[in-house]
Amino acid sequence: MATGSTAERLVSDELWELIEPLIPPPRRRRRRDGRTGRPRVADRAVLAGIVFVLTTGIGWNDLPGELGCGSGTTCWRRLRDWQRAGVWDQLHRAVLDRLGQAGVLDWSRAAVDSVSVRAKRRGEATGPSPTDRGKRGSKYHVLCDRNGLPLHALVTGANTHDSRMLEELLDTNPGVREQRGRPGRPRRRPVKLHADKGYDYPRCRRYLHERGIGVRIARRGIEDSQRLGRVRWVVERTMAWLLSFRRLALRYERSRTSIEAMLRLACALICLRRLSQPA
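These figures come from a predicted structure and were not determined experimentally. (Residues numbered from 1 in each chain as written. Predicted model: local features only at pLDDT ≥ 70, side-chain atom pairs only at ≥ 80, totals over all residues. Heavy atoms only, no water.)

A. Quick peek at the environment of Leu99. Mapped onto the secondary structure, Leu99 falls in helix H5 (residues 87–101). For Leu99, a relative accessible area of 0% gives the class buried. With residues up to four places along the chain from it excluded, the contact list for Leu99 reads Val104, Leu105, Leu149, Cys271, Arg274 and Leu275. (Helix = DSSP H or I, 4+ residues; strand = E, 2+ residues; numbered from the N terminus. Buried < 20%, exposed > 50% of the residue type's maximum accessible area, 1.4 Å probe, protein only. Contact = heavy atoms within 4.5 Å.)

Right under this line is the structure:
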């Protein structure tokens, strides 16, 4: 088990309270000789190891044993298994639901943007980056509210154009329940959406109009991007928050499952910081 100081610093009681009910029970495995093998490392300890890797960018095999989080392989497998079980998505939704119920989320304006990172080991959801001399990389596409809190995020190859992901980013957004115990669909659409010139295409404007979302996209060759930036700077700050998690700033994960899990967890942790702040 991770030491008390390590567990408390990396996995707060509030975070553990949210994620513990989401973690599926372990499967009991028994060998032919009747033995059950080594004792299973506690989930909270493993979560501390995952957060440590995400935050510091250290390799899985370099995870210090003195942290008491189990081996790097154990943490990586638990990250993968929980991603397949939908734990990280559910955790992000749970934090957003609490923010929505507290009236913290601001849907009056939302912003979309993306950031490219180099993929050192190539892998799934990578592509030649047009901004990095064709080196393999990935792109994080993010939708955030007026305050810059990440509502949804996707991973693609670095050669994927921003405008191609706008519809999927909004259509796959599970939404937020703003009133506890009240029936109704989760809120998924902002009143107005801000975006840079990379989204200035008729199909993007048409898509937003059809869904009743106000359009505020900088026009190529007409508008100065600095004017829009007075509102859209929040999503740039969101990108900086995401890249402060060093395991995201330089991608080493080869599988799409692992990098998506890291991205979802980072979004949840960013939102949890806001939830922990006094009103």
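Having seen it, we continue.
B. Highlighting the nonpolar core. Membership of the largest hydrophobic core comes to 79 residues, with the highest contact counts inside it found for Trp88 and Leu248. Residue contributions to this core peak at 13 residues, all from helix H10 (residues 256–276). Contacts of Trp88, omitting those with residues within four sequence positions, involve Ile19, Leu47, Ile50, Leu79, Trp82, Gln83, Ala261, Arg264 and Leu265. (Core = buried A, V, L, I, M, F, W, Y, C linked by side-chain atoms within 4.5 Å.)

C. Region of the structure containing the packing of aromatic side chains. Counted according to the given criterion, the structure contains one aromatic pair. One residue, Arg203, lies across the ring of Tyr201, its end atom 5.0 Å from the ring centre. Between Arg220 and the ring centre of Tyr201, over which it is positioned, the NZ or CZ distance is 4.4 Å. (Phe/Tyr/Trp six-rings, centres within 6.5 Å; stacked < 30°, edge-to-face > 60°. Lys NZ or Arg CZ within 6 Å of the ring centre and 35° of its normal.)

D. Just the pattern of salt bridges, in detail. In this structure the tally under the stated criterion is 14 salt bridges. A salt bridge links Arg78 to Asp43, with the nearest nitrogen and oxygen atoms 2.6 Å apart. Residue Arg78 is located in helix H4 (residues 72–84), and its partner Asp43 is located in helix H3 (residues 43–56); the two are separated by 35 residues in the primary sequence. The pair Arg78 / Asp43 is uniform in exposure class, with both members buried. We note a salt bridge from Asp200 to Arg220, for which the minimum N-O separation is 3.6 Å. Residue Asp200 is found in the loop between strand S5 (192–195) and helix H7 (202–210), and its partner Arg220 is found in the loop between strand S6 (214–217) and helix H8 (225–243); the two are separated by 20 residues along the sequence. Residue classification places Asp200 among the buried residues on the basis of a relative accessible area of 11%. (Salt bridge = Lys/Arg side-chain N within 4 Å of Asp/Glu carboxyl O.)

Any functional reading would require information that these geometric values do not contain.
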